[in-house]
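Chain by chain, the residues:
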Amino acid sequence: MKGGKVLVFVLTIVALTSCKEMMPKAPKGSFIFDLNFLLHHDSIVILKTNNGLGMVAVSPKYQAKVFTSTADGFDGKSFGWIKYETFDLKQPDPHMNAFGGEDRLWLGPEGGRFSLFFKPGTKMEFDNWHTPSAVDNESWQLVSSSDSRVSMSKTTRIQNYAGTQLDIKLERDIEILEPEVVNQLLGISPGDMVKSVGFATVNTITNTGNKAWDETTGAPCLWNLDMFTPSPKTVIVVPYVDSATGKVATTNYFGEIAKERITYNKGILLFKADGKSRGKLGIPPNRAKNMAGSYDGSNRVLTITVFDIDSSAKYLNQEWKTDVAPFSGDAVNAYNDGPLAGGKQMGPFYEIESVSPAAFLKPGQKLTHKHSVFHFTGDKKALNTIALKTLGVSIKDITSALK
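Every chain is numbered on its own, with residues counted from 1 as its sequence reads. Local features in a predicted model are, by the rule used here, given only for residues with pLDDT of at least 70; side-chain atom pairs are given and counted only at 80 or more, and totals for whole chains, interfaces and linings are based on all residues. The basis for every side-chain value is the complete set of heavy atoms in the structure, and neither hydrogens nor water enter the calculation.

Caption draft 1: Highlighting the sheet that holds strand β2 (residues 55-59). Here three strands make up an open sheet; going across it, the order is β1-β2-β3 and the pairing antiparallel. Of all the strands in the sheet, the pair left with one neighbour each is β1 (45-48) and β3 (65-70). Taking each pair of neighbouring strands and ignoring which way they run, the sheet shows an average axis angle of 20 degrees. By the convention used here, strands pair only if DSSP detects at least 2 bridges between them. Put simply, DSSP marks the helices as runs of H or I at least four residues long and the strands as runs of E at least two long, and each gets a number from the N terminus on. Pairing geometry for β2 and β3, over five bridges, is antiparallel. Here an axis means a line fitted to C-alpha atoms, over the contact stretch when the element is a helix, while the angle between two N-to-C directions is reported on a 0 to 180 degree scale.

What follows is the structure in structure tokens.
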């Protein structure tokens with residue numbers, strides 16, 4: 001394995017965080033708290049910036065997830081959402097193992113005629129819904145690592161709802177980005193009043209079988225889901241193409257989203273993400289832009305995600321229905337968690353998601369989907385400047401729209 005420095009760094013963290021006397025100094029919500037927890041279950045790979053303040057925790061064992069990150073060292077805020085209880089399960093959940101993760105990779109489509117989550121001929125209901133093991137509970141191979149980059153891979157075989165056998169190789173390259181690189185990529189100059197962390201993921205799927213994936217056999221897609229901890233003052237921001245035709249957003253994935261929780265006007269969609277009402281929305285490819293984000297007014301955290309979009313491509317419909325056009329899906333999604341009908345709740349958390357187009361691949365061909373995450377925390381005026389430059393909306397407009 002490459003990257004001896006990373007191994008030494010991880011071993012040092014294990015030695016430090018295994019001391020019980022450190023626990024009072026590690027409040028819940030801090031990066032060191034989450035890192036200490038994760039290191040009791042896995043040998044986490046830590047990526048770090050040159051100044052040591054930006055860090056990203058990656059797990060080959062837990063499906064190549066970016067579990068969390070921080071912009072302010074070990075004692076800084078932990079940006080990812082982790083469900084601690086899931087790690088103690090003696091047997092895997094047959095439907096989904098919700099470990100959490102600031103950036104996790106799934107495969108789609110979830111529903112529809114080419115679903116990867118339902119066996120052929122079964123009714124599309126929760127009892128028959130099963131997340132593919134390769135992205136749910138199986139370990140990935142650590143290919144290489146360094147102080148700033150890690151590469152992982154996984155081979156798997158999945159049968160879709162149409163009965164097609166898909167032989168797949170998945171690859172994930174994750175790189176932490178230096179603050180100056182983040183600033184250059186986003187075209188910003190935040191100054192010393194803001195601390196930041198950013199990482200880029202390159203996700204690749206290869207058809208390793210002997211049959212082409214097409215509109216008859218069905219085709220999978222890559223699916224990045226970013227899970228974050230909500231607050232009473234968190235709002236998701238999704239810019240969209242205002243001049244395009246057709247609906248702006250699908251807002252009834254899990255029942256229609258309440259009107260007081262969502263607003264869109266002049267190319268900016270705002271969605272309340274307080275973790276108290278379950279709802280999901282999606283932006284079709286002709287409306288989608290390559291950026292989304294959120295602002296947590298309680299903790300002064302601005303989050304930006306940037307991803308690949310192809311407005312001319314076919315995206316998979318993920319609804320749990322077999323009578324919908326399978327290649328008429330959304331390209332960008334956002335989710336706010338909330339109680340189910342019986343009162344139980346997985347989170348609370350919220351998600352910002354992007355997907356690749358359908359992977360119409362011949363044997364040996366591959367498709368890549370890039371998805372990056374950036375967090376900024378600090379001076380509110382500086383954060384406002386970043387929000388205006390990237391998302392096209394002020395912090396004041398974000399926080400006042402959905403009170």
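Caption draft 2: A look at the packing of aromatic side chains. Only Phe, Tyr and Trp rings are paired, with Trp represented by its six-membered ring, and only when their centres lie within 6.5 Å; those with planes under 30 degrees apart are stacked, over 60 edge-to-face, the remainder tilted. Inspection of every chain in the model, using the stated rule, returns 21 aromatic pairs. Where Phe87 meets Phe99, the ring centres are 5.1 Å apart and the plane angle is 65 degrees; that geometry is what we call edge-to-face. Taken as a pair, Phe87 in the loop between β3 and β4 (104-108) and Phe99 in the loop between β3 and β4 lie far apart in primary sequence, twelve residues in all. Relative accessible area serves as the criterion here: at 9%, Phe87 is assigned to the buried category. Centroid distance Tyr240 to Tyr264: 6.5 Å. Interplanar angle 90 degrees. Geometry classified as edge-to-face. Residue Tyr240 is found in the loop between β10 (234-239) and β11 (262-265), and its partner Tyr264 is found in strand β11; the two are separated by 24 residues along the sequence. According to the relative accessible area criterion, Tyr264 is partly exposed, its value standing at 38%. Each residue in the set Phe33, Phe37, Tyr62, Phe67, Tyr84, Phe87 and Phe99 is aromatic and connected to the rest through ring pairs, giving one cluster. Over the ring of Trp106 we find Arg104, and its NZ or CZ is 4.6 Å from the ring centre. Charge-over-ring placement is defined geometrically: NZ (Lys) or CZ (Arg) within 6 Å of the ring centre, and within 35 degrees of the ring normal. For the cation-ring pair, Arg278 lies above Phe254, with the distance from its terminal atom to the ring centre recorded as 3.9 Å. Categorising residues by exposure relies on relative accessible area from a 1.4 Å probe, with only protein chains included: less than 20% of the type maximum marks a residue as buried, more than 50% marks it as exposed, and the intermediate range marks it as partly exposed.

Caption draft 3: The arrangement of unusual backbone geometry in detail. Along the chain, Gly108 connects to Pro109 via a cis peptide bond; the corresponding omega equals 5 degrees. Of note, the bond from Gly347 into Pro348 is cis; its omega dihedral lies within 30 degrees of zero at 20 degrees. Here Pro348 is to be found in the loop between β16 (332-336) and β17 (350-355). Backbone geometry at Ala64 places phi at a positive 60 degrees, although glycine is not the residue there. Along the chain, the position of Ala64 falls in the loop between β2 and β3.

The values reported here are purely geometric and, on their own, carry no functional implication.
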